[in-house]
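# Descriptive structure summary
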Amino acid sequence: MILYFTGTGNSKYVADYLGDKLQDEVVSLNDMLKNDLPLIAESEKPFVWIAPIYAWRFPERVDELFRKIYFKGNTTFYFVATMGGDSGNCQKVCKKRVRDKGMSYGGFADVIMPDNYFGGFNIKNEQEMVDIVKAAHPVLDVIADTIKKGHTLDIRVKSSAGGLKSGIVNYGFNKYMLQKAKYTVSEACTGCGKCVKVCPVNNIKMLLGRPEFSDDCMGCYACIHKCPEKAINLGKKTEGKTRYVCIDYKKETI
Ligand SMILES: Cc1cc2nc3c(=O)[nH]c(=O)nc-3n(C[C@H](O)[C@H](O)[C@H](O)COP(=O)(O)O)c2cc1C
């Protein structure tokens, strides 16, 4: 079973790609989070956990979900991180989580996909985005082949000071950057409600036709990137910047 969380579609793309190659079921963790579904997952095949990297680790809410879900059937776990370029020591955290659950660690891979973080956001045009996704295909093929053969997965882009980044810096990022994020809504907002729909943690409600943000944001940026009017911003950090949503593996061929 392949389980994925996504904000802007990269991890869904990877999940669908691997689901196709491995002929395995693909399950959305966004649905589990948003709709409060039962936290049970059962599979005869190994579990493959796919999520983006936020500040050199998997998002806190995704980590929490992993600890809470009751996994039945197969006992082997593979992890695939999608990222802009650096997953720090995320692999070590995954190993520990699996050990804590008494399951077997199958390995970890990080895959470079378009960077959706506005700090390091590097997408200049559609073609550039497609080229980055295309370049991930050979890596995904190796990941699928390794899992199919039941071998240990260990594919990582070199990272320095991973302990520091995935440790104290990640803690500070979650506490001071994400929790204090101040969203603004411009006059361009039409009140369509797409932001409410795409928020995986129900942090946005419509009030008199305008989105209102609570303080439970997990930082996926889906609301910013998917707003059809580019009306949602994190102040100057995002104003006037390109938005990004990954192409759909099931609908488009590249
Ligand atoms: C809040 C936030 C923090 C991020 N931190 C990192 C990071 O530490 N290292 C990295 O390589 N990419 C980082 N990224 C980029 C994402 O990991 C990357 O674009 C990912 O593929 C997005 O996946 P998604 O489209 O499935 O949401 C960050 C993105 C966000 C939104």
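Keep in mind that what you see is a predicted model, and the values were worked out from it rather than measured. (Residues numbered from 1 in each chain as written. Predicted model: local features only at pLDDT ≥ 70, side-chain atom pairs only at ≥ 80, totals over all residues.)

Moving on to the overall build of the chain. The helix and strand tally for the chain stands at eight helices and 12 strands. Computed over the C-alpha atoms, the radius of gyration of the chain is 18 Å, within 12% of the 18 Å expected from 2.2 N^0.38 for a compact globule of 254 residues. With the C-alpha coordinates of the chain rotated into their principal frame, the extents come out at 55 × 35 × 35 Å. The buried share of the chain, taken over its 254 residues, is 36%. For the chain, contacts bridging at least 24 residues in sequence account for 74% of all contacts bridging at least 6. (Helix = DSSP H or I, 4+ residues; strand = E, 2+ residues; numbered from the N terminus. Rg over C-alpha atoms; globule rule 2.2 N^0.38 Å. Buried ≥ 20, exposed ≤ 12 C-beta atoms within 10 Å, placed from the backbone. Contact = placed C-beta atoms within 7 Å.)

Grouped together as the largest cluster of nonpolar side chains are 45 residues, with contacts concentrated most on Val48, Trp49, Ile50, Val80 and Ala81. Here the element with the most residues in this core is strand β6 (residues 76–83); it accounts for six residues. Filtering out sequence-adjacent residues up to four positions away, Val48 remains in contact with Ile2, Leu18, Tyr78, Val80 and Ile147. Counting 12 residues, the second-largest nonpolar core is a separate cluster that includes Cys220, Ala222, Ala231 and Ile232. (Core = buried A, V, L, I, M, F, W, Y, C linked by C-beta atoms within 7 Å.)

The next subject is the site of the ligand. If you check the shell around the ligand, you find 25 residues, and the closest are Gly7, Asn10, Ser11, Pro52 and Met83. When contributions to the shell around the ligand are tallied by element, the ones reaching two or more residues are α1 (10–22) and β6. Of the residues that make up the shell around the ligand, three or more belong to each of domain 1 (2–165) and domain 2 (182–236). (Near = placed C-beta within 6 Å. Domains from an automatic or database assignment.)

Now for the environment of Leu29. Structurally, Leu29 is set in helix α2 (residues 29–34). The spacing of Leu29 and Leu3 is 26 residues in sequence and 6.3 Å in space, taken between C-alpha atoms.

With that settled, the discussion passes to the domain arrangement of the chain. When its domains are assigned, the chain resolves into domain 1 (2–165) and domain 2 (182–236). For domain 1 and domain 2, the distance between their C-alpha centres works out to 25 Å. Taken together, the 11 residues of domain 1 in the interface contact 10 residues of domain 2. Taken together, the elements giving at least two residues each to the side of domain 1 that touches domain 2 come down to α2 and α3 (60–68). Ranked by residues supplied to the side of domain 1 that touches domain 2, first place goes to α2 with three residues. A per-class count over the side of domain 1 that touches domain 2 returns four nonpolar, four polar and three charged. (Nonpolar A, V, L, I, M, F, W, Y, C, P; charged D, E, K, R; others polar.)

On the basis of which strands lie adjacent, the open sheet formed by six strands has the order β2-β1-β4-β6-β7-β8 and parallel pairing. Both outer strands of the open sheet, β2 (26–28) and β8 (153–155), are each paired with one neighbouring strand and no more. On average, each strand axis in the sheet is tilted by 20° relative to the strand beside it, whichever way the strands run. As paired elements, strand β7 (residues 104–112) and β8 share three bridges and run parallel to each other. Following the sheet pairing, Ala109 is matched in β8 by Ile155. The strands touched by α1 are β1 (2–4), β2, β4 (47–52), β6 and β7; relative to β4, the strand with the most contacts, the crossing angle is about 155°. (Pairing = 2+ DSSP bridges. Axes fitted to C-alpha atoms, helices over the stretch in contact; angles between N-to-C directions.)

A separate point is the packing of α1 against helix α5 (residues 126–149). Contact geometry for α1 and α5: axes closest at 10 Å, N-to-C directions at 45°. Taken together, α1 and α5 sit at an angle that is classed as oblique. Handedness of the crossing formed by α1 with α5: right-handed. Only Val133, Leu140, Ile143, Ala144, Ile147 and Lys148 of α5 make contact with α1, whose side of the interface consists of Tyr13, Val14, Tyr17, Leu18, Lys21 and Leu22. For the contact of α1 with α5, the class distribution of residues is 10 nonpolar, no polar and two charged. (Parallel < 35°, antiparallel > 145°, perpendicular 65-115°, else oblique. Left-handed = near helix turned anticlockwise from the far one by under 90°.)

An ideal rise of 1.5 Å per residue puts 18 Å on 13 residues; α1 measures up with 18 Å between its terminal C-alpha atoms. At its buried positions, α1 is contacted by β1, β2, β4, β6, β7 and α5. Two residues or fewer after α1 comes Gln23, characterised by a positive phi angle close to 50°. (Expected span 1.5 Å × (residues − 1).)

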